[in-house]
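Overview (structure and organization)
Residue-level listing of the chains:
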Amino acid sequence: VLVTGGGGSIGSELCRQIARFKPGQIIIYELSEFALYRVTEDLKRAFPEQRLVPIVGDIKDAARLQEIFERHRPTIVYHAAAYKHVPILEENNAWQAVRNNAWGTRVLADVASRFDIERFVYISSDKAVNPTNVMGATKRLCELEIQALAQTSRSTVFAAVRFGNVLGSHGSVIPLFRRQLRSGGPLTVTHPDITRYFMTIPEAAQLVITAGSMAQAGEIFILEMGKPVRIYDLAVNLIKLSGLRVGRDIEVVFTGLRPGEKLYEELQMHDEDLHPTQNPSILVSTAPPPTRLEVEDKIARLMACLSQGGEQIKRELARAVPTYHPRFDNSTNPSPTVRTAD
């Protein structure tokens, strides 16, 4: 089994849960050497008999991928590698988001197809639904890639799994709040009404593996995330659980929505019909797939405009992903305010 982004929050947990099934080997493909070292050491301690193959590599590097597939012959790929931080990608790094997320997925899938792997499972995001940011739009484009590839693949089963935030992941709000609490506050929330879906990392990884095993041809599986959580309530509860008082011991500051950020996320596209599976925590979309030629044309147009700057990339991305509505002016965000009482 090969896991891309194997040093990340979801990737590393996928490796841990896959190890319980005792595969012949787990190939951990990761761009960050330190993240790769950390997950490899953790897995060695937890699963000393498991054969691990830690690989420093970039999903955009076709030659490196070719070498790895030739040498190790994986039969299953879980593709978790991606740039995911919405504001960072939105402001100055749109071209990197497109190259890494959309083009990197294309490169990886092409190499995997040439080696006739059995199964390719792509990790998507709720931000792919009606996206207002570059990250979400690239994730949606990857979903379209997976659907299109499934139409022409002779032997590889392609599928995507879409879900919301995972608690405690790198860059998520819980670790941020904990750091802010340790430093005496304030806790920063972008908007009083902002909500997000949340799931634990182990639960998400388990359901990804389960959904992947159900795949037959290009499905988009959507994990049942329950009700969205108001981030302000999350901040207040953390303050109280720490034995402190909102507005007296610790302030909550509203800082305004960040570039590309939405007040709420969605799990279902407007044109998607969702159907149950044998697992009540997993739904499957029946949206019509695009053709491979359509998707390849979208990616080619995007790659051709990467040197033209962020706004042009966003415009071309909006043509490639019609449900993407980019925002070029974030001046309407409210000024920071302080909540001094619960």
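Please refer to the structure higher up on the page.
A few points on the structure. What you see as residue numbers is a count from 1 along each chain, following the sequence as written. Given that the model is predicted, a residue must reach a pLDDT of at least 70 before its local features are reported, and side-chain atom pairs must reach 80 or more before they are shown or counted; all residues, however, enter totals for whole chains, interfaces and linings. Values reported for side chains reflect all heavy atoms of the structure, with hydrogen atoms and water molecules removed beforehand.

Here's the deal with the overall build of the chain
A tally of helices and strands in the chain yields 11 helices and 16 strands. Atoms counted for the radius of gyration: C-alpha only. Globule rule: 2.2 Å times the number of residues to the power 0.38. For 342 residues, the compact-globule estimate of 2.2 N^0.38 gives 20 Å, and the chain sits close to it at 20 Å. By principal-axis analysis of the C-alpha atoms, the chain measures approximately 60 × 50 × 40 Å. Accessible area is worked out with a 1.4 Å probe on protein chains only. A residue is then buried under 20% of its type maximum, exposed over 50%, and partly exposed in between. Each of the 342 residues in the chain was classed as buried or not, and the buried ones make up 55%. Only heavy atoms matter for contacts: two residues are in contact if any of them lie within 4.5 Å across the pair. Counted over contacts in the chain with a minimum sequence separation of 6, partners at least 24 positions apart contribute 78%. Summed over its atoms, the accessible surface of the chain is roughly 15,400 Å², and 50% of this surface lies on carbon and sulfur atoms. Each helix corresponds to a stretch of at least 4 residues labelled H or I by DSSP, and each strand to a stretch of at least 2 residues labelled E; elements are numbered beginning at the N terminus. In this description, accessible areas are obtained by the Shrake-Rupley approach with a 1.4 Å probe, and a residue is regarded as covered only by the protein chains that are shown.

A closer look at the sheet that holds strand β2 (residues 26–30)
Two strands qualify as a pair provided DSSP detects at least 2 bridges between them. Here 9 strands make up an open sheet; going across it, the order is β3-β2-β1-β4-β5-β6-β11-β15-β14 and the pairing mixed. In this open sheet, the two strands that pair with only one neighbour each are β3 (52–56) and β14 (274–276). Pairs of neighbouring strands in the sheet enclose a mean axial angle of 25°, with direction left out of account. Pairing of strand β5 (residues 119–123) with strand β6 (residues 157–162), which is carried by 5 bridges, proceeds in the parallel orientation. Looking at the pairing, Tyr122 lines up with Ala160 of β6. Of the strands in this sheet, β2 and β3 touch helix α2 (residues 33–46), which is tilted by about 175° from β3. Under this scheme, a helix contributes an axis fitted over its contacting stretch, all axes are lines through C-alpha atoms, and angles between N-to-C directions fall in the 0 to 180 degree range.

Notes on unusual backbone geometry
Each neighbour pair has its own omega, and for Gly185 with Pro186 the value is 0°, a cis peptide bond. In this fold, Pro186 is placed in the loop between α7 (173–182) and β8 (187–189). Here Arg73, not a glycine, exhibits a phi torsion of approximately 50°, which is positive. Mapped onto the secondary structure, Arg73 falls in the loop between α3 (62–72) and β4 (76–79). Of the residues examined, Arg73 reaches a relative accessible area of 53% and is grouped as exposed. A positive phi angle, close to 45°, is found at Asn130, a residue other than glycine. Along the chain, the position of Asn130 falls in the loop between β5 and α6 (134–152). Of the residues examined, Asn130 reaches a relative accessible area of 13% and is grouped as buried.

A short note on empty space enclosed by the protein
The distinction between a cavity and a pocket rests on a 1 Å grid over the protein atoms alone: a 1.4 Å probe fits inside a cavity but cannot get out, while a pocket stays open yet meets protein on both sides within 12 Å along at least five of seven lines, and a residue with an atom within 4 Å of a point counts as lining. Grid points are joined across faces, edges and corners, and a volume is the space filled by probe spheres set on the points. Considering all chains together, one arrives at 1 cavity of 30 Å³ or more under this definition. Residue lining of the largest cavity: Arg106, Glu145, Ala148, Leu149, Arg292, Val295, Glu296 and Ile299, and that is the complete set. Among the elements of the structure, α6 and α10 (292–304) are those that each provide at least two residues to the lining of the largest cavity. Sorting elements by how many residues they give to the lining of the largest cavity places α10 first, with 4 residues. Each residue receives one of three labels: charged for Asp, Glu, Lys and Arg, nonpolar for Ala, Val, Leu, Ile, Met, Phe, Trp, Tyr, Cys and Pro, and polar for the others, Gly being one of them. Its residues assigned to classes, the lining of the largest cavity shows 4 nonpolar, no polar and 4 charged.

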